[in-house]
Amino acid sequence: MTDATAPEWVRGLLATCALAVLSEGSAHGYAVAQHLQAAGIGPVKGGALYPVLNRLESEGAVTADWREGEGGPGRKVFTLTPAGRAQLDALRAGWAPFAHAVTGLLAPSVDVPSTATPGENP
């Protein structure tokens, strides 16, 4: 994770970001984590990612199946379902207004002269 990415932001948006990665094609968890890191989200540990992927599976947003590994152990591969795509589409549609609202909250406030006299609690 980059210094500018707060861990709470990653936790809050990890499922959304995982759905976005899986909208590009099926992938195993490690590949999802690599994609997130390459996108600038930062390193996401399996202990955070796999419970999210498993929850998305239990909710029907993704399916998972085991596939043979190339010279190694099999891997659980996650695939976005139509319900997961609809969920992602809804999240994408709501993102801009939400991001705008958060940006407004996080922007430094303009100094407004206080009506309180020094030493008073406003």
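The rules behind each value
- Residues numbered from 1 in each chain as written.
- Predicted model: local features only at pLDDT ≥ 70, side-chain atom pairs only at ≥ 80, totals over all residues.
- Heavy atoms only, no water.
- Pairing = 2+ DSSP bridges.
- Helix = DSSP H or I, 4+ residues; strand = E, 2+ residues; numbered from the N terminus.
- Patch = residues over 30% accessible without salt bridge, like charges linked within 9 Å, V, L, I, M, F, W, Y side chains within 5 Å.
- Areas by Shrake-Rupley, 256 points an atom, 1.4 Å probe, with all protein chains shown as cover.
- Salt bridge = Lys/Arg side-chain N within 4 Å of Asp/Glu carboxyl O.
- Buried < 20%, exposed > 50% of the residue type's maximum accessible area, 1.4 Å probe, protein only.
- Core = buried A, V, L, I, M, F, W, Y, C linked by side-chain atoms within 4.5 Å.
- Contact = heavy atoms within 4.5 Å.
- Polar contact = N/O pair within 3.5 Å; in protein donor to acceptor, adjacent residues only side chain to side chain.
- Axes fitted to C-alpha atoms, helices over the stretch in contact; angles between N-to-C directions.
- Parallel < 35°, antiparallel > 145°, perpendicular 65-115°, else oblique.
- Nonpolar A, V, L, I, M, F, W, Y, C, P; charged D, E, K, R; others polar.

This part covers the pairing of strand β3 (residues 75-80). Inspection of the sheet shows strand β1 (residues 27-28) paired to β3 by two bridges, in the antiparallel sense. The residue of β3 that forms the bridge with H28 is V77. Here strand β2 (residues 62-67) pairs with β3 via six bridges, running antiparallel. Across the sheet, the residue bridging to T63 is T79, located in β3.

Bringing a nonpolar patch on the surface into the picture now. Among the surface-exposed residues, W9, W95, F98, V102, L105 and L106 lie close enough to one another that they form a single nonpolar patch of about 670 Å² accessible area. Per-element tally for the nonpolar patch: the top contributor is helix α4 (residues 82-106), with five residues. Along the chain, W9 turns up in helix α1 (residues 7-22). Residue W9 is classed as partly exposed on the basis of its relative accessible area, which comes to 44%.

A word on the nonpolar core. Counting residues in hydrophobic clusters, the biggest one holds 21 residues, and the most contacted among them are L19, L22, V32, L49, L56 and V62. Elements with a contribution of two residues or more to this core: α1, α2 (29-38), α3 (46-58) and β3. With seven residues, the top contributor of residues to this core is α1. Residues in contact with L49, not counting those within four places in the same chain, are L14, A18, G29, V32, A33 and V44.

Here we come to the sheet that holds β3. Taken in spatial order, the three strands line up as β1-β3-β2 in an open sheet, and their pairing is antiparallel. Two strands close off the open sheet at either side, each with one partner strand: β1 and β2.

Let us look at the side chain of H28. Within the secondary structure, H28 sits in strand β1. When its relative accessible area of 18% is taken as the criterion, H28 is described as buried. Side-chain polar atoms of H28 contact the side chain of R75, separated by 2.6 Å.

This part takes up the packing of α1 against α2. Between α1 and α2, the shortest axis-to-axis distance is 10 Å and the interhelical angle comes to 100°. Overall, the two elements α1 and α2 adopt an arrangement that is roughly perpendicular. Here L14, C17, A18, V21 and L22 of α1 come into contact with α2, specifically with V32, H35 and L36. Among the residues forming the contact of α1 with α2, the class breakdown is seven nonpolar, one polar and no charged.

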